[in-house]
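Structural overview for review
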Amino acid sequence: AGSAIRKAQLYAAAVRSDRKSKAVLNVVRCRTSGASVPDLINVVTKSTYSLLLAERVSVYLVDRIKGEIWICVSKDPSIAGLTLPIGRGISGKVAADGVTINLKDCYKDDRFDSSCDKKTGFTTRSMLCMAVPGFDDESKPVAVIQAINKIGERSFDDEDEEALSAFCQEVKMAMRGNFLEAALLKLESDARRQCDIDSSSYLREFGSMFNSTPKHSMAPALDEPMSPLSPNGLSARKSPLKRAVLWRADSNLDMKDWDDWGFDLFSKDESELCSIVFSFFEEFNLLERLSISESALQNLILAIHATYNDVPFHNFYHAFSVCHASYLMLRHCDMARCLTSLDLFSCLIAALAHDCDHPGVSNNYLIETRSQLATTHNDDAVLERHHASTASGCMAEPENDVFEKFSKEQKKESRKTIIAAILGTDMSRHTSHVTSLHERGDNREVAVPFDRESPSDRLLLIKAIVHCADLSAQTMPKEISEEFEVRVMKEFSEQSTKEAQSEGVEMTSFMKGLDSEKKRCELQLNFVSAIVLPLWRGMAKTFPKTAARVARAEEVRIAYEHKLKELSGGGNPNGGR
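As the structure is a prediction and not an experimental result, all values here were calculated from the model.

Some words on the overall build of the chain
Across its full length, the chain carries 23 helices and 6 strands. Residues classed as buried in the chain amount to 55% of the 577 residues present. A separation threshold of at least 6 residues defines the contact pool for the chain, and within that pool the share at least 24 residues apart is 73%. When the accessible area of the chain is evaluated, it comes to approximately 25500 Å², of which 50% is carbon and sulfur surface.

What follows is the structure, encoded as structure tokens:
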């Protein structure tokens, strides 16, 4: 009898282990195939049913911005999109602190809300509720898995907890690459419930972030010469600054002013900013190291400056800010040691030129209005390709030939790097930047460094630097970040007005009604929480000296959060288990 019992136990353990392996493998396959969030949640739900043999399974995603958990996917349409406050009910409690709850008898626990049972006639006996750990802080879950009623048994046991814990770790890894899509889907879900704005405009605007399949493009290959395009009816370009104005003797530029994150760029005119950009190259002694002509570099800076339009946000002040932030990361955050002199030069040029000839409207607007730029680039990364093309045109002019003394290989490498870094600012590549940065630091005492001897590592770092710099406004001091907020909101409002005046163009709803302080606050809170902070936290894992930028962005997030609570002045009316 003892032998039979032992065999039965071994068989049961083998079956349980097989269920666990299959569940984990399903999620691994989902992660490696680049599945969407809804597809991932479906796989997680089905796998949890098989793993735990539960009667019911729910997967909640956590929205810390609004302080709620929500159901992204459900077989029951009436449940899809359901939100529950963090801290209320069993699932809400697990979302609040990340501590697993395993109830043998739910009705004996005061935290259990039986209202759902009363409405549906279903009887909840036992429950296992576990958090999918947060990416940076495991006590702040990104999701909660709830299993109800173990089939054939009274409750879930310790082995079920162990199996679900291992499963949740794999779900965490799968969700890391989809966190941004989840945030955007939540915005879409909220819009559907509120019915006051178009439910998909924010998702449309940034939708390509989680659509990794590029559209076929007939645009010129990026390793071939590209002719600069005219604005074609867009904002008029400024006239180039004259060299005598640029390097005037009375500029009184002190390195102590601009060699710091607190530099007030808005206190300077554009000619002074051009001179400061020139100083970035001098500080790394790049003119001597690479035999670059002083006049050619000055002319190139002026030529790039001249391409920027008089639009509220994507103007030369933004370009300077991105170049300045890139310089500061290179100089003060240990990044320059991972790069060659040619890399440093290419990185700074790419940062300065990353938004050349920006018209002050989005990719989606250009596509919707069937602009010449969208047609030229077949609706694929329209602006980023145009910026790269315009920058290439500037560098091709004889008086701007900074490559004159470069070898053929150096010219090719530098141009390739500049174009790749500019294209890397396309938000469709944001998730890959975030994922690669976090993977270098996850589950390691010391992050995997960027290898100076590896060309791919160096290019990856340059693209990450320029992209982080492009999304650095909320990491700046209060006065600077607030000024950039005013400018970007004005640009959004102007695009909204253009859309309203364009026949057949669907309006971008998140750009409408920005005269509402609450809407502006909510938009900025979502942006800094879902986009800016994950990116900069990833950078800080490999380069700890950027942690101060993360701290500043966190201050901005908290400030928006508090402000939104003040403006909302109400709680969540939903209840839940």
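So that's the structure; there's more coming.
So, empty space enclosed by the protein
The full count for this structure, using the stated rule, is 2 cavities of 30 Å³ or more. Computed from the structure, the largest cavity encloses a volume of approximately 50 Å³. For the lining of the largest cavity, the elements supplying multiple residues, two or more each, are helix H13 (316-332) and helix H21 (478-501). Ranked by residues supplied to the lining of the largest cavity, first place goes to H13 with 3 residues. In this structure, the second largest cavity encloses a volume near 40 Å³. Every residue along the wall of the second largest cavity is listed here: His318, Ser321, Val322, Ala469, Asp470, Ser472, Ala473 and Phe484. Elements represented by at least two residues in the lining of the second largest cavity include exactly H13 and helix H20 (455-470).

Quick word on the nonpolar core
Of all hydrophobic cores here, the largest spans 104 residues; its most connected members are Leu297, Leu330 and Phe345. Here this core gets 13 residues from one element, more than from any other, and that element is helix H22 (residues 517-542). Setting aside chain neighbours within four positions, we find Leu297 in contact with Phe278, Phe281, Leu287, Ile292, Phe345, Ile349 and Val402. If you look at the next biggest cluster of nonpolar residues, it comprises 34 residues, including Cys30, Ala35, Trp70 and Phe167.

Re the pattern of salt bridges
All told, the structure shown has 19 salt bridges when counted by the stated rule. A salt bridge links Arg458 to Asp343; the shortest N-O distance between them is 2.6 Å. Here the residue Arg458 occupies a position in helix H20, and Asp343 occupies one in helix H14 (residues 341-353), the gap between them amounting to 115 residues. We classify Arg458 as buried; its relative accessible area is 10%. For Asp343, a relative accessible area of 3% gives the class buried. Linked by salt bridges that have partners in common, Arg537, Glu554, Arg557 and Glu561 make up one network.

Observations regarding the sheet that holds strand S5 (residues 127-132)
Spatially, S3-S2-S1-S6-S5-S4 is the arrangement adopted by the 6 strands of the open sheet, whose pairing is antiparallel. The open sheet has two free edges, formed respectively by strand S3 (83-85) and strand S4 (101-103), since each of these has just one partner strand. For this sheet the average axis-to-axis angle between neighbouring strands, irrespective of direction, equals 20°. In terms of strand pairing, strand S1 (residues 54-63) meets strand S2 (residues 68-71) through 4 bridges, oriented antiparallel. Paired with Val62 across the strands is Ile69, a residue of S2. Relative to S1, helix H2 (residues 37-52) is tilted by about 145°, and along the sheet it contacts S1, S5 and strand S6 (143-150). Contacting S1, S2, S3, S4, S5 and S6, helix H3 (residues 89-97) crosses the sheet at an angle of about 30° to S5.

Things to note about the pairing of S5
Of all 6 residues in S5, 6 are buried; the element is thus mostly enclosed. Where S4 lies against S5, 3 bridges are found, and the strand directions are antiparallel. By the bridge assignment, Asn102 is partnered in S5 with Leu128. As judged from the 6 bridges shared by S5 and S6, these two strands associate in the antiparallel manner. By the bridge assignment, Ala131 is partnered in S6 with Val144.

As for the packing of aromatic side chains
Counted by the stated rule, this structure contains 17 aromatic pairs. With a centroid separation of 5.8 Å and an interplanar angle of 75°, the aromatic rings of Phe313 and Phe484 are classed as edge-to-face. Within this pair, whereas Phe313 is found in the loop between helix H12 (294-307) and H13, its partner Phe484 is found in helix H21, the two being separated by 171 residues in sequence. Each member of the pair, Phe313 as well as Phe484, is classed as buried. Cluster of aromatic residues (ring-pair linked, three or more members): Trp258, Phe263, Phe280, Phe284, Phe320 and Tyr327.

Reading the values: rules and limits
Residues numbered from 1 in each chain as written. Predicted model: local features only at pLDDT ≥ 70, side-chain atom pairs only at ≥ 80, totals over all residues. Heavy atoms only, no water. Helix = DSSP H or I, 4+ residues; strand = E, 2+ residues; numbered from the N terminus. Buried < 20%, exposed > 50% of the residue type's maximum accessible area, 1.4 Å probe, protein only. Contact = heavy atoms within 4.5 Å. Areas by Shrake-Rupley, 256 points an atom, 1.4 Å probe, with all protein chains shown as cover. 1 Å grid on protein atoms, 1.4 Å probe; cavity = no way out; pocket = protein on both sides within 12 Å on 5 of 7 lines; lining within 4 Å. Points joined across faces, edges and corners; volume = space filled by probe spheres on them. Core = buried A, V, L, I, M, F, W, Y, C linked by side-chain atoms within 4.5 Å. Salt bridge = Lys/Arg side-chain N within 4 Å of Asp/Glu carboxyl O. Pairing = 2+ DSSP bridges. Axes fitted to C-alpha atoms, helices over the stretch in contact; angles between N-to-C directions. Phe/Tyr/Trp six-rings, centres within 6.5 Å; stacked < 30°, edge-to-face > 60°.

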